[in-house]
Amino acid sequence: MTTPFAPYDLGGIRLSSRIVMAPMTRSRAYGPGQSPTDLMATYYAQRASAGLIVTEGTQPSAIGQGYPDTPGIHSAEQIAAWRKVTDAVHAEGGKIFLQLMHTGRVGHPSLMGLTPVGPSAVTAKGQVYTPEGLQDFVTPHELNEADITETIADFATAARNAVEAGFDGVELHGANGYLIHQFLAPNSNQRSDAWGGSPERRIRFAVETAKAVADAIGGDKVGFRISPGNPYNDIDESDRTDVEATYTALVEALAPLGLAYLHQMEAPEIRDLTVRLRKAWPSTFVLNPFTGAEPTGPDALTLVEDGTADLIAYGALFLANPDLPTRLAAGGPFNTPDRATSFGGDHRGYTDYPTLG
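Residues numbered from 1 in each chain as written. Predicted model: local features only at pLDDT ≥ 70, side-chain atom pairs only at ≥ 80, totals over all residues. Heavy atoms only, no water.

**A closer look at the packing of aromatic side chains**
Move 1: Within this structure, the stated rule accounts for six aromatic pairs.
Move 2: Summarising the aromatic geometry, the rings of Y43 and Y350 are spaced 4.2 Å apart at their centres and angled 10 degrees between planes, so their arrangement reads as stacked. Remark: Y350 occurs in the segment after α12 (324-330) and Y43 occurs in helix α1 (residues 38-46); sequence separation between them is 307 residues.
Move 3: Given a relative accessible area of 0%, Y350 falls into the buried group.
Move 4: Their ring planes at 65 degrees and their centres at 5.3 Å tell us that W82 and F167 sit as a pair that is edge-to-face. Residue W82 is found in helix α2 (residues 76-91), and its partner F167 is found in the loop between α4 (145-164) and β10 (169-174); the two are separated by 85 residues along the sequence.
Move 5: The class for W82 is buried, based on a relative accessible area of 0%.
Move 6: An aromatic cluster of at least three residues, connected via ring pairs, comprises Y43, Y44 and Y350.
Move 7: Between the NZ or CZ atom of R204 and the centre of the ring of W195, over which it lies, the distance is 3.7 Å. (Phe/Tyr/Trp six-rings, centres within 6.5 Å; stacked < 30°, edge-to-face > 60°. Helix = DSSP H or I, 4+ residues; strand = E, 2+ residues; numbered from the N terminus. Buried < 20%, exposed > 50% of the residue type's maximum accessible area, 1.4 Å probe, protein only. Lys NZ or Arg CZ within 6 Å of the ring centre and 35° of its normal.)

**Considering the sheet that holds strand β12 (residues 261-265)**
Move 1: Spatial strand order, β3-β4-β5-β10-β11-β12-β13-β14: eight strands in a closed barrel with parallel pairing. On average, adjacent strands in this sheet sit at an angle of 25 degrees to one another, irrespective of strand direction.
Move 2: Where strand β3 (residues 19-21) meets strand β14 (residues 311-314), three bridges bridge the pair, whose relative direction is parallel. Bridged to V20 within β14 is A313.
Move 3: Its contacts with the sheet put α1 on β3, β4 (52-58) and β5 (96-100), and the angle it makes with β4 is roughly 145 degrees.
Move 4: Across the sheet, α4 touches β5 and β10, and the angle it forms with β5 is around 155 degrees. (Pairing = 2+ DSSP bridges. Axes fitted to C-alpha atoms, helices over the stretch in contact; angles between N-to-C directions. Contact = heavy atoms within 4.5 Å.)

**Focus on the nonpolar core**
Move 1: Ranked by internal contacts, the top residues of the largest apolar core, which has 79 residues, are F224, L250 and Y314.
Move 2: Among the elements that make up this core, the one with the highest residue count is helix α7 (residues 204-217) (seven residues).
Move 3: Discounting chain neighbours no more than four positions away, the residues touching Y314 are I19, V20, M21, A22, T296, G297, P298, A300, L301, L324 and L328.
Move 4: A22, F97, Y261 and A313 belong to the second-largest nonpolar core, a separate cluster that totals 14 residues. (Core = buried A, V, L, I, M, F, W, Y, C linked by side-chain atoms within 4.5 Å.)

**Some remarks on α7**
Move 1: In a regular helix each residue adds 1.5 Å, so 14 residues correspond to 20 Å; α7 covers 20 Å between its end C-alpha atoms and thus fits that length.
Move 2: Listing the buried residues of α7 in full gives F205, A206, V207, T209, A210, V213, A214 and I217.
Move 3: In this fold, the buried residues of α7 make contact with α4, β10, α5 (179-184), α6 (199-202), β11 (222-226) and α8 (240-254).
Move 4: Of the residues trailing α7, G218 is marked for its positive phi of about 100 degrees. (Expected span 1.5 Å × (residues − 1).)

**Things to note about the pattern of salt bridges**
Move 1: Throughout the structure, instances matching the rule amount to 14 salt bridges.
Move 2: Ionic pairing is found between R191 and D193, a salt bridge with its closest N-O pair at 2.8 Å.
Move 3: Take R191: its relative accessible area is 9%, and that puts it in the buried class.
Move 4: Judged by its relative accessible area of 28%, D193 is partly exposed.
Move 5: Residue E244 is joined to R276 by a salt bridge in which the shortest nitrogen-to-oxygen separation is 3.0 Å. Of the two residues, E244 sits in helix α8 while R276 sits in helix α9 (residues 271-280), which places them 32 residues apart along the sequence.
Move 6: Each of R240, E244, D272 and R276 takes part in salt bridges that share partners, so that together they form one network. (Salt bridge = Lys/Arg side-chain N within 4 Å of Asp/Glu carboxyl O.)

**Considerations on the side chain of S61**
Move 1: Position of S61 among the secondary structure elements: in the loop between β4 and α2.
Move 2: For S61, a relative accessible area of 8% gives the class buried.
Move 3: In contact with S61, other than residues within four places in its own chain, are H74, H102 and D154.

**Overview of the side chain of N288**
Move 1: Position of N288 relative to the elements: it lies in strand β13 (residues 284-288).
Move 2: In contact with N288, other than residues within four places in its own chain, are A22, R225, H263, Q264, M265, E266, T296 and A313.

**Some thoughts on unusual backbone geometry**
Move 1: For the bond from G332 to P333, the omega torsion is 0 degrees, close enough to zero to count as cis.
Move 2: Tracing the backbone shows P333 in the segment after α12.
Move 3: The backbone of D234 sits at a positive phi, close to 60 degrees, despite the residue not being glycine.
Move 4: Mapped onto the secondary structure, D234 falls in the loop between β11 and α8.
Move 5: For E269, which is not glycine, the phi torsion reads 60 degrees and is therefore positive.
Move 6: The topology assignment puts E269 in the loop between β12 and α9.

Here you go:
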């Protein structure tokens, strides 16, 4: 039986365990031009005992920002600031990937002074956090052919910037209703050209972006995150037949690229698809399992032991427990996450969670 606490070879990167810190937006990039701060370096270094850290979503371009105080990786000052983070994590023996997150239509002009973009000019239902408080989503600018080419190039450049900043790799965020996911979903992608319509055309943006990033830094340094059936940010993937066709086609198209891993954030009632995607995927499969209202807990470790996943990603529990692998091995106790300090603020609810001993 495989133990989740054993080392793991991730395409030549030695991980200390099969326990991953999932990407979590914290909105504390208060440095110049949405740059990471020294406090962010402390936060990630505290969690370096994870087998792998995947950072909060980081915009590959200015137009890719969807929330206040999220970091970027598209300027020299951002690259230099992220270097402090990676140096701090590596000094503690950790491994860290940068998640590249273009939020697409999820954003607001008051945040970045730019109109958000998307695969189609379809307004998401709901509201978004802005410096002025919650505001309704706006109708995005529909990306034309030249825009799409430029956006894919932005991802590739951001990946090169991440390597320059010292990251061990990057993860492409194709989940949670952000830009790549918007291209995958039929309600947000209503195009009739080569980038929309059938599942095979809706996966094209995801696949072309993955190819460009793999060409830029090597596929063994690239992960890809998906969340089939996840309705977050007004994504409608309720047609199970279409979901299965779309994600089966996506995994089949990504498989030959030699990527480091596929990372699934699991929606409810979709474990059968999870198992099929895991079997179809040729390399490392990371699972952030569906656990309802509760954070992913110790019980999820059995998913490594029974082979459902190679690695297990923990979100909220890692937020509140910087020494989570030690606590999981001991069976607890676990600090409770303070939801009130999840987004923005200072060190409170960020770097002041206690460790065992």
